[in-house]
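Next come the chains, spelled out residue by residue.
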Amino acid sequence: MFQNERDTRHEHVLHVARQMMTAARTAPKGKGLDIIEIGMVTGDDINRLSGEMLQIAEETGLKFLLRDADNILQAEAVVLIGTRQQIQSLNCGHCGFPTCASKPLPVPCAINTVDIGIAVGSACATAADLRVDTRVMFSAGLAAQRLGYLGEATCVMAIPVSISSKNPFFDRKPKEKQA
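Treat the numbers as computed from the prediction; the structure is a model and nothing was measured.

(A) Representation of the packing of aromatic side chains in the model. Applying the stated criterion across every chain, the model contains one aromatic pair. Considering the side-chain rings of Phe 64 and Phe 138, the 5.8 Å spacing of their centres and the 50 degrees angle between planes classify their relative orientation as tilted. Here Phe 138 lies in helix α5 (residues 138–147) and Phe 64 lies in helix α3 (residues 64–71), a separation of 74 residues in the sequence. The exposure class assigned to Phe 64 is partly exposed, which follows from its relative accessible area of 28%. Above the face of the Phe 170 ring, Arg 135 is positioned so that its terminal group lies 4.4 Å from the ring centre.

Below, the structure is given as structure tokens:
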């Protein structure tokens, strides 16, 4: 049997994205508490994510969202990694407040933020080991958060995944809004 790489690419991207999700899940967590949420969008949901990014660009005037919204359309999958906010009761002061009780509710616990960073790093390392193209995008993560893809996650990062001759997520040109 002969298989052309081009014919197996999509299946391989999905397999790698699932491995990235596993790497994020098994990444170390602060105090051993797992408050990470992980998912993947493909197909029409990538279009929906892009549309939400365009909506955010319209609301905020942030032009890089136009570029990113167009850019994720070149992905075959987008891995989403987020965290629910949970005070870790360490009173470490890393969030800028001396105790967990003195931290205002909207201020994220620094340990939660570190956890998502480690999970994203583990996922990206897996992608690099498997030689697929990725880029971490908080812009697409914000859109995924607004769409509720990861439930109550209050901080979401997105990692578009592609297999191509050149990484489509780098050397990107600014995009202007179409008239």
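(B) Representation of the pairing of strand β2 (residues 77–83) in the model. The element β2 is extensively covered by neighbouring structure, given that seven of its seven residues are classed as buried. The side-chain alternation of β2 yields two buried faces, one formed by Ala 77, Val 79, Ile 81 and Thr 83 and the other by Val 78, Leu 80 and Gly 82. Sheet topology places strand β1 (residues 36–41) next to β2; six bridges connect them, and they run antiparallel. Residue Gly 39 lies in a different strand from β2, and its bridge partner there is Leu 80. Across seven bridges, β2 lies against strand β4 (residues 155–162) in antiparallel orientation.

(C) View of the sheet that holds β2. Taken in spatial order, the four strands line up as β1-β2-β4-β3 in an open sheet, and their pairing is antiparallel. Each edge of the open sheet is held by one strand with a lone partner, namely β1 and β3 (133–134). Relative to the sheet, α5 contacts β2 and β4, its axis offset from that of β4 by approximately 120 degrees.

(D) A look at α5. Turning to α5, its buried residues are Ser 139, Ala 140, Gly 141, Ala 143, Ala 144 and Leu 147. Those residues of α5 that are buried lie in contact with α2 (44–60), α3, β2 and β4. Looking one or two residues beyond α5, the residue adopting positive phi is Gly 148, at roughly 75 degrees.

(E) Representation of empty space enclosed by the protein within the structure. Under the criterion given, the structure shown has one cavity of 30 Å³ or more. Here the largest cavity is characterised by a volume of approximately 100 Å³. The wall of the largest cavity is formed by 15 residues, among which Asn 91, Cys 92, Cys 95, Cys 100 and Cys 109 lie closest to the centre.

(F) Structural view of the pairing of β4. The element β4 is largely enclosed, with a buried count of six among its eight residues. As paired elements, β3 and β4 share two bridges and run antiparallel to each other. Within β4, the position partnered with Thr 134 by the bridge is Val 161.

(G) Structural detail: the pattern of salt bridges. Scanning the model with the defined rule gives six salt bridges in all. Residues Glu 5 and Arg 9 are paired through a salt bridge, measuring 2.7 Å at the closest nitrogen-oxygen approach. Note that Glu 5 and Arg 9 are positioned in helix α1 (residues 5–26) at a spacing of four residues, about one turn of the helix. Exposure remark for Glu 5: the relative accessible area of 40% places this residue in the partly exposed category. Arg 146 serves as the salt-bridge partner of Glu 52, at 2.8 Å between the closest nitrogen and oxygen. One end of the pair, Glu 52, is in helix α2; the other, Arg 146, is in helix α5, with 94 residues separating them in the sequence. Here the salt bridges do not stand alone but share partners, grouping Glu 52, Glu 59 and Arg 146 into one network.

(H) Up close: the environment of Ala 77. Relative to the helices and strands, Ala 77 is located in strand β2. The buried category is assigned to Ala 77, whose relative accessible area is 0%. For the pair formed by Ala 77 and Phe 138, sequence separation is 61 residues and the distance between their alpha carbons is 16 Å.

Rules and cut-offs
- Residues numbered from 1 in each chain as written.
- Predicted model: local features only at pLDDT ≥ 70, side-chain atom pairs only at ≥ 80, totals over all residues.
- Heavy atoms only, no water.
- Phe/Tyr/Trp six-rings, centres within 6.5 Å; stacked < 30°, edge-to-face > 60°.
- Helix = DSSP H or I, 4+ residues; strand = E, 2+ residues; numbered from the N terminus.
- Buried < 20%, exposed > 50% of the residue type's maximum accessible area, 1.4 Å probe, protein only.
- Lys NZ or Arg CZ within 6 Å of the ring centre and 35° of its normal.
- Pairing = 2+ DSSP bridges.
- Contact = heavy atoms within 4.5 Å.
- Axes fitted to C-alpha atoms, helices over the stretch in contact; angles between N-to-C directions.
- 1 Å grid on protein atoms, 1.4 Å probe; cavity = no way out; pocket = protein on both sides within 12 Å on 5 of 7 lines; lining within 4 Å.
- Points joined across faces, edges and corners; volume = space filled by probe spheres on them.
- Salt bridge = Lys/Arg side-chain N within 4 Å of Asp/Glu carboxyl O.

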